[in-house]
Amino acid sequence: MAEQQTIDIARLPVMGEAAQQSYPTATLYVVATPIGNVTDITLRALHLLALADVVACEDTRKTGALLQRFGLNKQTIAAHQHNEREVADKIVERLQAGQRVALVSDAGTPAVSDPGARIVDAVRNAGLNVVPLPGPSAAITALSASGLVNDRFHFVGFLPAKSKQREAALAPLVREASTLVFYEAPHRIVDCVEALMEAFEPTRQVVFARELSKLFEEVHRCALSEALAWVKADQHRERGEFVVLVEGAVAETDEQDAEAERILQILLTECSVKQAANLAAQITGRKKNALYERALQIKGE
């Protein structure tokens with residue numbers, strides 16, 4: 001067996017390159033931070049955080065604790081969903097004064113299902129510089145380990161909390177060919193799975209990526225028909241933050257589309273939208289939600 005090589009990270013040539021990076025003043029830096037494993041921080045992120053005049057963050061306590069783990073003691077300001085517009089003006093003022101401002105979220109990449117987009121928009125509207133520092137993203141991490149072979153994905157983020165709103169949000173996605181990417185909180189994962197099982201075919205593949213990069217990381221793939229049983233088989237599976245991936249729809253032939261459309265058109269002359277969609281689903285084997293959406297479109301044409 002070959003002898004394991006030990007590496008003195010501090011002596012790696014790349015460390016010198018990191019120190020020579022250019023970080024202009026009067027710039028907002030959008031910095032991705034670890035989603036679990038603290039060592040996933042990038043060298044550029046570490047260097048920029050050390051240089052920043054202030055760090056704008058969702059939770060000053062969480063970010064303060066993270067910075068301390070890197071040996072950094074930085075001024076932080078709260079920039080969360082409840083004060084984002086107000087703090088954006090203050091950040092613009094700091095940038096106009098020549099400061100470097102780092103924008104982070106509690107974990108992952110800011111402005112992706114996290115606060116930050118309004119701040120970036122305000123900074124750009126003020127004609128100031130924005131530099132993204134790429135790094136951890138729960139969605140991309142989950143996709144990379146899913147094995148779902150697709151060149152495209154559709155990022156949905158969090159579904160609405162109420163069942164009717166979830167149903168309405170999922171209906172337009174039934175025929176989406178891209179891999180669907182959802183975020184979900186642990187206390188709503190069962191409701192989420194039940195909604196997905198109602199909306200999509202039971203044969204669709206679903207991937208649960210739970211606690212990514214953390215101690216109890218778990219990535220599980222199964223048919224959607226088996227999803228609820230898997231979640232409920234272990235109480236620990238209803239804990240931790242989730243990325244849920246759903247396989248995209250299989251492309252249907254034009255002939256199938258045309259036939260379903262013809263049947264729906266006929267039924268709508270005699271039935272309500274709901275009745276027409278239900279009957280068309282029974283006749284064609286197509287998903288009821290997709291037919292219902294199309295029936296509404298026909299009625300509105």
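My aim in this report is to walk through the structure given alongside it, one point at a time. Quick caveat: nothing in here was measured; it's all calculated off a predicted structure.

## A short note on the packing of aromatic side chains
For the coordinates displayed, the defined rule picks out five aromatic pairs. Each ring, one from F155 and one from Y183, has its centre 5.1 Å from the other, and the planes form 80 degrees; the classification is edge-to-face. Of this pair, F155 sits in strand β6 (residues 153–158) while Y183 sits in strand β7 (residues 179–184); the two residues are 28 residues apart in sequence, bridging distant segments of the chain. Here Y183 falls in the buried class, since its relative accessible area comes to 11%. An angle of 70 degrees between the planes, with centres 5.8 Å apart, marks the rings of F158 and Y183 as edge-to-face. Taken together, the positions of F158 in strand β6 and Y183 in strand β7 put the pair 25 residues apart, joining distant regions of the chain. Taken together, the aromatic side chains of F155, F158 and Y183 make up a single cluster linked through ring pairs.

## As for the environment of A223
Locating A223 in the fold gives a position in strand β9 (residues 218–223). A sequence separation of 21 residues divides A223 from P202, and the C-alpha atoms of the two residues are 6.6 Å apart. For A223, the residues in contact, after removing those within four places along its chain, are P202, R204, Q205 and V206.

## Looking at a nonpolar patch on the surface
A surface patch of nonpolar side chains, amounting to about 420 Å² of accessible area, comprises I7, I9, L12, V14 and L43. If you trace the backbone, I7 turns up in the segment before α1 (13–19).

## A short note on the sheet that holds strand β4 (residues 100–103)
The sheet built from five strands is open, its strands ordered β3-β2-β4-β1-β5 with parallel pairing. Since the sheet does not close on itself, it has two edges, and those belong to β3 (76–78) and β5 (129–133), each with one partner. When strand polarity is set aside, the average angle formed by the axes of neighbouring strands in this sheet is 25 degrees. Here strand β1 (residues 27–31) pairs with β5 via five bridges, running parallel. What sits directly across from V31, in β5, is L133.

## Topic: helix α8 (residues 189–199)
All buried positions along α8 are accounted for by I189, V190, C192, V193, A195, L196 and A199. Buried residues along α8 sit against α7 (163–170), β7, β8 (205–210), α9 (227–232), β10 (242–246) and α12 (288–300).

## Considering the side chain of S105
Tracing the chain through its elements places S105 in the loop between β4 and α5 (117–125). Among the polar contacts made by the side chain of S105, one reaches the main-chain carbonyl oxygen of A107 at a distance of 3.0 Å. Reaching out from S105, the side chain makes a polar contact with the side chain of D114 at a distance of 3.4 Å. Beyond its immediate stretch of four places on either side in the chain, S105 contacts T33, E58, P110 and D114.

Thresholds, definitions, all that
Residues numbered from 1 in each chain as written. Predicted model: local features only at pLDDT ≥ 70, side-chain atom pairs only at ≥ 80, totals over all residues. Heavy atoms only, no water. Phe/Tyr/Trp six-rings, centres within 6.5 Å; stacked < 30°, edge-to-face > 60°. Helix = DSSP H or I, 4+ residues; strand = E, 2+ residues; numbered from the N terminus. Buried < 20%, exposed > 50% of the residue type's maximum accessible area, 1.4 Å probe, protein only. Contact = heavy atoms within 4.5 Å. Patch = residues over 30% accessible without salt bridge, like charges linked within 9 Å, V, L, I, M, F, W, Y side chains within 5 Å. Areas by Shrake-Rupley, 256 points an atom, 1.4 Å probe, with all protein chains shown as cover. Salt bridge = Lys/Arg side-chain N within 4 Å of Asp/Glu carboxyl O. Pairing = 2+ DSSP bridges. Axes fitted to C-alpha atoms, helices over the stretch in contact; angles between N-to-C directions. Polar contact = N/O pair within 3.5 Å; in protein donor to acceptor, adjacent residues only side chain to side chain.

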